[in-house]
Amino acid sequence: MPSVQNTQSLLSKLNAKKILSGLQVTSHFLGSVINIGSFPLLSSVLPKNSKISLRQSAGEASIRGMNTAVLWSPFFVSFAVGQIYLPEMSAWMGIGFGIIIATLFNLITIKFVIGKLTINYLLDALSCIKPIFSRLLILAISVLFVGQIFNKTALNAIIIVVPILVFIQIFRRPETSNFIFKNLKNLIQNSGDEMLLISVSMFLGSILTNSVEIQNFVSSNVSDYFPFWMMIISLPLIVWCFSLIGVHPIITSAPILSIFGPLLSVWEAAFLMQAHLIGWCAGTAISFTSLSVLTSAENFKISISKLVFGPNFFATIGLVFFGAITLIISNYFL
């Protein structure tokens, strides 16, 4: 799309420090819709002779930006997983907390990891998303509208809306049709592992959720030993720790949600939803099996181990505790 190419052009004109801020901000908004597809688009704005240090920092910034979109965007599998095990309204309420936490995390990491945060830097970074902002807004509003009007989950709304918008784009620019259908074919052929992982996890979660014996045991025992604040901290921390050894967040998150979810009110479930998204965000940002890490490393031509154990390692564990504490305090005062 010409609008995406304009965004790439604006990013390429920024100096070294500004381009890192620009990549993180652009990755956040662009990744909220196309997820890991933002990495090949953003890596191409770096000059071919860029130093390894710049490419390393650029890959880390892009991961921080894209992954924190998980905290509020319904265009991730994580949001759909949360809607399965928690009341639908609580899932949408969780988005509000996610926007606040994602904003604070990005501002803090731009300041202390990249090392520069001024109004001028922030405006330059935000200006890069101007060409694509209207497209992202149309897509987001369309999904939210369909979800609310027809009482659909976010995943169902996306399944309805996205193909319609794709066909509109094909009619507007017929020359893109071959590329789009070829890309779709490749995606279907290569997504078997991910689909199997999701299916197995959903199957396990369904067993835990629908088993009367398990639910009775949980309500009689777990609720006494796991107060609400401990649920909020333990969920993202467990997901983050298991991600370090290569266990995908869906394997750890879904069973925990199925156990804790029935014990909570809709209001409390909204906080648990955001804790789940924090764990997913932090875990996929530092796991050597995560598509975020693997795709970023491939496109920016950098080391996977340095991505995992670099600045994002400390940033994500900080997010886990900062996010959990923020949720606990918010629940107490609200």
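Because the structure is a prediction, the values reported are computed rather than measured.

**Student:** Just checking my understanding: could you explain the overall build of the protein chain for this structure?
**Tutor:** The helix and strand inventory of the protein chain stands at 18 helices and zero strands. Counting only residues that meet the buried cut, the protein chain has 48% of its 334 residues in that class. Relative to all contacts within the protein chain whose residues are 6 or more apart in sequence, the contacts with residues 24 or more apart total 77%. Here the protein chain has roughly 16,200 Å² of accessible surface; of this, 70% comes from carbon and sulfur atoms.

**Student:** Explain unusual backbone geometry here, please?
**Tutor:** The phi angle of most residues is negative, glycine excepted, and most peptide bonds adopt the trans form. Even without glycine at this site, asparagine 35 takes up a positive phi of about 55 degrees. Considering the arrangement of structural elements, one finds asparagine 35 in the loop between α2 (16-34) and α3 (38-43).

**Student:** Is there a simple way to explain the side chain of glutamine 274 in this structure?
**Tutor:** With respect to the helices and strands, the residue glutamine 274 is situated in helix α15 (residues 266-286). Judged by relative accessible area, glutamine 274 falls into the buried class, the value being 0%. Contact partners of glutamine 274, with chain neighbours within four places excluded, come to Leu71, Gly94, Phe97, Gly98, Ile101 and Leu327.

**Student:** What should I look at first to understand the layout of surface pockets in this one?
**Tutor:** Taking a probe equal in size to a water molecule and rolling it over the atoms shows the remaining empty space. Roughly 570 Å³ of volume is contained in the second largest pocket. Lining the second largest pocket are 25 residues, and of these His28, Phe29, Ser32, Trp72 and Ile99 lie nearest its centre. Secondary-structure elements contributing two or more residues to the lining of the second largest pocket are α2, α6 (88-114), α7 (119-127) and α8 (130-149). Within the lining of the second largest pocket, the residues separate by chemical class into 20 nonpolar, five polar and no charged.

**Student:** When you look at the packing of aromatic side chains in this model, what are you seeing that I'm missing?
**Tutor:** What characterises a pair of aromatic rings is the spacing of the ring centres plus the angle enclosed by the ring planes. Scanning the entire structure with this criterion turns up nine aromatic pairs. Ring geometry for phenylalanine 97 versus phenylalanine 271: centroids 4.5 Å apart, planes at 25 degrees, classification stacked. Of the two residues, phenylalanine 97 sits in helix α6 while phenylalanine 271 sits in helix α15, which places them 174 residues apart along the sequence. Summarising the burial analysis for this pair, phenylalanine 97 and phenylalanine 271 share the class buried.

**Student:** So what exactly am I meant to see when it comes to empty space enclosed by the protein here?
**Tutor:** All chains considered together, the criterion is met by two cavities of 30 Å³ or more. If you add up the space inside the largest cavity, you get close to 40 Å³. Every residue along the wall of the largest cavity is listed here: Arg64, Asn67, Thr68, Phe105, Cys281, Ala285, Thr316 and Leu319. Secondary structure elements with two or more residues in the lining of the largest cavity: α4 (52-68), α15 and α18 (311-333). Sorting elements by how many residues they give to the lining of the largest cavity places α4 first, with three residues. Its residues placed into classes, the lining of the largest cavity shows four nonpolar, three polar and one charged. Space inside the second largest cavity adds up to approximately 30 Å³. The biggest single contributor to the lining of the second largest cavity is helix α1 (residues 2-12), with three residues. In the lining of the second largest cavity, the residues fall into five nonpolar, two polar and no charged.

**Student:** How should I be thinking about a nonpolar patch on the surface in this particular structure?
**Tutor:** A surface patch of nonpolar side chains, about 620 Å² in accessible area, is lined by Phe133, Leu137, Ile141, Phe145, Ile149 and Phe150. Along the polypeptide, leucine 137 turns up in helix α8. A residue is classified by how much of its surface remains accessible, and leucine 137, at 40% relative accessible area, is partly exposed.

**Student:** Which parts of the structure should I look at to understand the environment of leucine 307?
**Tutor:** As for its placement among the helices and strands, leucine 307 is situated in helix α17 (residues 304-308). Between the C-alpha atoms of leucine 307 and valine 293, which are 14 residues apart in sequence, the distance is 6.9 Å. The contact partners of leucine 307, leaving out residues within four places of it in the chain, are Gln56, Gly59, Glu60, Ile63, Val293, Ser296, Ala297, Ile302 and Asn312.

**Student:** Whenever I open this one, the environment of alanine 157 confuses me. Can you help?
**Tutor:** Within the secondary structure, alanine 157 sits in helix α9 (residues 154-172). Separated by 11 residues in the primary sequence, alanine 157 and valine 146 have C-alpha atoms spaced 5.8 Å apart. If near-sequence neighbours (up to four positions away) are discounted, alanine 157 is found in contact with Val143, Val146, Gly147 and Lys152.

**Student:** Sorry if this is basic, but what is going on with the pattern of salt bridges here?
**Tutor:** Side chains carrying opposite charge are able to pair once their charged atoms draw close together. Under the definition given, this model contains one salt bridge. As a salt-bridge pair, arginine 173 and glutamate 175 come within 3.2 Å of each other at their nearest N and O atoms. Owing to a relative accessible area of 55%, glutamate 175 belongs among the exposed residues under this scheme.

Reading the values: the criteria
Numbers given to residues run from 1 along each chain, matching the order in which its sequence is written. Owing to the predicted nature of the model, reporting of local features is limited to residues with pLDDT of at least 70; listing and counting of side-chain atom pairs is limited to 80 or more, with chain, interface and lining totals taken over all residues. Computation of side-chain values covers all heavy atoms of the structure but excludes hydrogens and water. Helix and strand assignments follow DSSP, with helices taken as H or I runs no shorter than four residues and strands as E runs no shorter than two, numbered in order from the N terminus. The buried label applies to any residue whose accessible area, calculated with a 1.4 Å probe on protein chains only, is under 20% of its type's maximum; exposed applies above 50%, and partly exposed to all values in between. Whether two residues are in contact is decided by their heavy atoms, any of which lying within 4.5 Å being enough. Here the accessible surface of atoms and residues is derived via Shrake-Rupley with a 1.4 Å probe, and residues count as covered only by protein chains that are part of the display. Two kinds of site are reported from a 1 Å grid over the protein atoms alone, namely cavities, where a 1.4 Å probe fits but cannot get out, and pockets, open sets with protein on both sides within 12 Å along at least five of seven lines, and residues are called lining when an atom falls within 4 Å of a point. Grid points are joined across faces, edges and corners, and a volume is the space filled by probe spheres set on the points. Gly is placed with the polar residues, together with every amino acid not listed as nonpolar (Ala, Val, Leu, Ile, Met, Phe, Trp, Tyr, Cys and Pro) or charged (Asp, Glu, Lys and Arg). The rule is short: rings of Phe, Tyr and Trp, with Trp giving its six-membered ring, pair when the centres are within 6.5 Å, and they are stacked under 30 degrees, edge-to-face over 60, tilted in between. Patch membership requires over 30% relative accessible area and the absence of a salt bridge. Like charges are linked within 9 Å, and nonpolar side chains (Val, Leu, Ile, Met, Phe, Trp, Tyr) within 5 Å. One speaks of a salt bridge when a side-chain nitrogen belonging to Lys or Arg is within 4 Å of a carboxyl oxygen belonging to Asp or Glu.

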